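Fold and geometry: a report
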Amino acid sequence: MSALPKISHYSPEEYLHLEREANYKSEYFQGEIFAMAGASENHNMISRGISGALFNHLRGKKCTHYSSDMKLHIPANTLYTYPDLMVVCGDKKFLDDGKDVILNPVIIIEILSKSTEAYDRGEKFALYRSIPSLREYVLISSTSIRAEVMRKENDLGLWFLASEADTLEGSIEIKNIDLTLSLSGIYEETEGVF
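Notes on the structure follow.

As for unusual backbone geometry
Even without a glycine there, the phi angle at T78 is positive, about 80°. Within the secondary structure layout, T78 lies in the loop between β5 (71-74) and β6 (79-81). By relative accessible area, which is 27% here, T78 ends up partly exposed. In this structure, K99 takes a positive phi of about 50° despite not being glycine.

Okay, here's the thing in C-alpha cells:
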C-alpha cells in the first residue's frame, strides 16, 4: 500500500463517502487511505480466465463470485480493500444498502505482482484471517507459473498450504467449491510468464 498524503485521520464513514465518489480505487486501514495501483495485462488475463471459470462452475449453485470492483470490509481490523476475486456462498452479507461492500467471503483470490506479492502473502493475509467466513486463500503469480491454495479446515484459525502447482501441467484444488483449476488454463492468455 502507498499512502495518500496524510491530511487527517479518516473515519470509515468518510472513507466510504470519498470512495463511492472517486474515479480510482483506494484501500482503507486504521484511519489511512491508500491509493491502489493499476494492474498489468497478465494480471488482467489471469483474472479474466479465473472469473470465467468461476462463473461457469458456480452457475446454478448457491455461491457467487465478485471481481475486483467489489469492496471487502473486515470489521475486526478496519480494512476496506478490493480483492482480485471473491466467492460468497449462501447468504450474502453487505455492509449497508449500497450493496458494494461484502463482509462474508468464503474464498479470496489474489493475483500477485512484484509490487504486491510481499503484502498479499504477509500483512494482507494476516488481515484476511480475521474474516470468520474465510476458508481458502488463493495466490496466483502474474510473473511466474505458480499457484497456491491456503486452507482453513476448522474454526481454530489454523491455516495450511493445501494445494500448489508450478508447471503448466499442474492444477490447484479449491475444495470449498469443488473446483480444480489447471495452470495451463490460468496462464492461457499471458505472455512472458515462465
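Observations concerning the environment of M36
With respect to the helices and strands, M36 occurs in the loop between β3 (32-35) and α2 (41-58). Residue classification places M36 among the partly exposed residues on the basis of a relative accessible area of 30%. On a C-alpha basis, the gap between M36 and T81 in space is 9.3 Å, while along the polypeptide they are 45 residues apart. Beyond its immediate stretch of four places on either side in the chain, M36 contacts K25, S26, E27 and Y82.

Quick word on the pattern of salt bridges
Here the structure, examined in full by the defined rule, presents 15 salt bridges. One salt bridge connects K25 with D69, and the closest N-O pair in it is separated by 3.1 Å. In this pair, K25 is assigned in the loop between α1 (12-21) and β2 (26-29) and D69 in the loop between β4 (63-66) and β5, connecting sequence segments 44 residues apart. One network of salt bridges, in which partners are shared, links E117, R121, R146, E148, E164 and D166.

What about α2?
Compared with an ideal rise of 1.5 Å per residue, which puts 18 residues at 26 Å, α2 spans 25 Å between its outermost C-alpha atoms and is within 8% of the ideal. Three or more residues of α2 are buried, namely N42, H43, M45, I46, S47, I50, S51, L54, H57 and L58. Contacts made by the buried residues of α2 are with β4, β7 (85-89), β9 (107-112), β10 (136-141), β14 (179-182) and α5 (183-186). Within two residues after α2, G60 carries a phi angle of roughly 80°, on the positive side.

Quick look at the packing of aromatic side chains
The tally for this structure, following the rule as stated, stands at 6 aromatic pairs. When the ring of Y15 is compared with that of Y28, the centres are 5.2 Å apart and the planes differ by 35°; the resulting orientation is tilted. Linking Y15 in helix α1 with Y28 in strand β2, this pair joins segments that are 13 residues apart in sequence. Take Y15 and Y28: they sit in the same class, and that class is buried. Ring centres 4.6 Å apart and planes at 15° place the aromatic pair F125 and Y137 in the stacked group. Pair noted here: F125 is in helix α4 (residues 123-128) and Y137 is in strand β10, with a separation of 12 residues, a long-range link. Residue F125 shares its accessibility class with Y137, and that shared class is buried. Through pairs of rings, three or more aromatic residues link up here, namely F125, Y128, Y137 and W159. Here the guanidinium or amino end of R129 rests over the ring plane of F125, the centre of that ring lying 4.5 Å away.

Criteria and thresholds
- Residues numbered from 1 in each chain as written.
- Predicted model: local features only at pLDDT ≥ 70, side-chain atom pairs only at ≥ 80, totals over all residues.
- Heavy atoms only, no water.
- Helix = DSSP H or I, 4+ residues; strand = E, 2+ residues; numbered from the N terminus.
- Buried < 20%, exposed > 50% of the residue type's maximum accessible area, 1.4 Å probe, protein only.
- Contact = heavy atoms within 4.5 Å.
- Salt bridge = Lys/Arg side-chain N within 4 Å of Asp/Glu carboxyl O.
- Expected span 1.5 Å × (residues − 1).
- Phe/Tyr/Trp six-rings, centres within 6.5 Å; stacked < 30°, edge-to-face > 60°.
- Lys NZ or Arg CZ within 6 Å of the ring centre and 35° of its normal.

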